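Coordinates in review
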Amino acid sequence: MHGPGRLTVERFPAPEPEPGAAVLRMLYSGICGTDKHTWRGESLQYAGTDHERPVPYPIICGHENVGMIEAIGEGPPPVDELGRPLAVGDRVVPAPNLTCGRCRFCLGEGYPYYLCTALDDYGNSLSSARPPHLFGGWSQHMYLLPGTRLFRVPDGLPSQLAALTEVLAVTHGLDAARSITALGGGFRAGDTVAVIGIGPLGLMHLAKAELLGAGRLIAVDLMGERLGQARGFGADLLLDASATSQAERVAQVRAATGGLGADVVVDCSGVADTFPEALELARPGGTVIEAGAFVDMGAVPINPNRHICTPGLTVLGVGGETLEQYAPSLALLDRHQQRLPFARAITHLVSLDEVASALELAQTGSAMKVLVAPNGEPPS
Ligand SMILES: [Zn+2]
Ligand SMILES: [Zn+2]
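Scope of this entry: the structure provided in the associated data block. Fair warning: this is a prediction, and the values are worked out from it, not measured in the lab.

1. With respect to the pairing of strand β5 (residues 91–94)
With burial as the criterion, each face of β5 is covered, one bearing Arg 91 and Val 93 and the other bearing Val 92 and Pro 94. Direction of pairing for strand β4 (residues 65–72) relative to β5: antiparallel, over a ladder of 2 bridges. Pairing of Met 68 across the sheet is with Arg 91, part of β5. Judged from the 3 bridges that link them, β5 and strand β9 (residues 150–152) form a sheet pairing that is antiparallel. Each residue of the ladder has a partner; that of Pro 94, found in β9, is Leu 150.

2. A word on the nonpolar core
Judged by nonpolar contacts, the single largest core of 60 residues is most densely connected at Phe 187, Val 193, Leu 206, Val 266, Ile 289 and Phe 342. Here this core takes 6 residues from helix α6 (residues 200–211), the largest share from any one element. Counting residues in hydrophobic clusters, the runner-up holds 34 residues, among them Leu 86, Trp 138, Leu 144 and Ala 367.

3. Side note on helix α1 (residues 33–40)
Of all 8 residues making up α1, 6 are buried, and the element is well covered by its neighbours. Burial in α1 covers these residues: Thr 34, Asp 35, Lys 36, His 37, Thr 38 and Trp 39. Directly beyond the C-terminal end of α1, a positive phi value near 90° is found at Gly 41.

4. Brief notes about the coordination of the zinc ion (ligand 1)
The protein atoms donating to the zinc ion (ligand 1) are Cys 32 (SG), His 63 (NE2) and Glu 64 (OE), with metal-donor distances spanning 2.1 to 2.5 Å. Ordering the donors of the zinc ion (ligand 1) by residue number gives the pattern C-x30-H-E. On the criterion of sequence distance, the pair formed by Cys 32 in the loop between β1 (22–31) and α1 and Glu 64 in the loop between β3 (53–54) and β4 is long-range, its members being 32 residues apart. The pair formed by Cys 32 and Glu 64 is uniform in burial state, with each residue classed as buried.

So, how was this worked out
Residues numbered from 1 in each chain as written. Chains lettered and ligands numbered in written order. Predicted model: local features only at pLDDT ≥ 70, side-chain atom pairs only at ≥ 80, totals over all residues. Heavy atoms only, no water. Buried < 20%, exposed > 50% of the residue type's maximum accessible area, 1.4 Å probe, protein only. Helix = DSSP H or I, 4+ residues; strand = E, 2+ residues; numbered from the N terminus. Pairing = 2+ DSSP bridges. Core = buried A, V, L, I, M, F, W, Y, C linked by side-chain atoms within 4.5 Å. Donors = N, O, S within 2.8 Å, 3.2 Å for Na, K, Ca; no water.

As structure tokens, this is what we get:
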């Protein structure tokens, strides 16, 4: 991607991995909401942090990746999440963020790795102008720098489902909410969870809430097709935001919860406008997880008195996935692949030549997760 709306398919020299590095033969790479923003030129990432930055075009996009190790640099091989050496031919999901290991957030305990002040991010922050160029998944091969964390794909998990790992790993806000007990907030078994924005990230939050014991799931979206998908993941109150006002949706959620509101609301819309609604859908003392505003889309008016203080809400900000979530997410996808319709979250497979049209497609209601298959569809 040379700039907003400008994609070409180019050839680069085959990379020789340096010690500690590996070359991945790509199987699948997802098209993410962040990529759609980058395509539209809405490309200020990590706004307000030490590592706020515009996208360093040209880049090879693709950070939701699964591939097969094709080459390993000299010296000790990279290891999986259990410290087992990885070998050529192993299927892995690479973590897309590469941390510095020496800033206050890397050295401190409990910080999500995306707070690193010198973060690199495959598919986003590493320019393809820099050798060996292949720093994104929309490519036949991907270069994995030394220090990249790699997670082994369980043998029984299809590669397409493994491409959902990064998205599922963004649901860590729900795990975090389980440890909150103060002021009536948090997430407990039996709670009502409402999700705003039923794209792939919204679906993964519904799936995670279901697996963590939600008592009821509510879905809000502008598109009827997406609400239909939410039903497959257990949502039974489906609120069409194209046909109702915000006040009507708040009234419907309250009516469904004895007048209270949802215990937990997760905002996955990717736009700023839905955040006030997320606050209003929560019950007094409830918890709101903002998990979709990964790109600066501007400000939105909040009344801190009415929206946050008086109802005593807990607000959790999620800035991406955490490293700790990768192995559990792969295990959940593997174990529950029959029980929850994860495969229906993937609606399209495209070749490298089709990525530009796929980016347009990915913004319509008919598409959920679109996967790029850079080496074509492998025989199953
Ligand atoms: Zn993503
Ligand atoms: Zn760091």
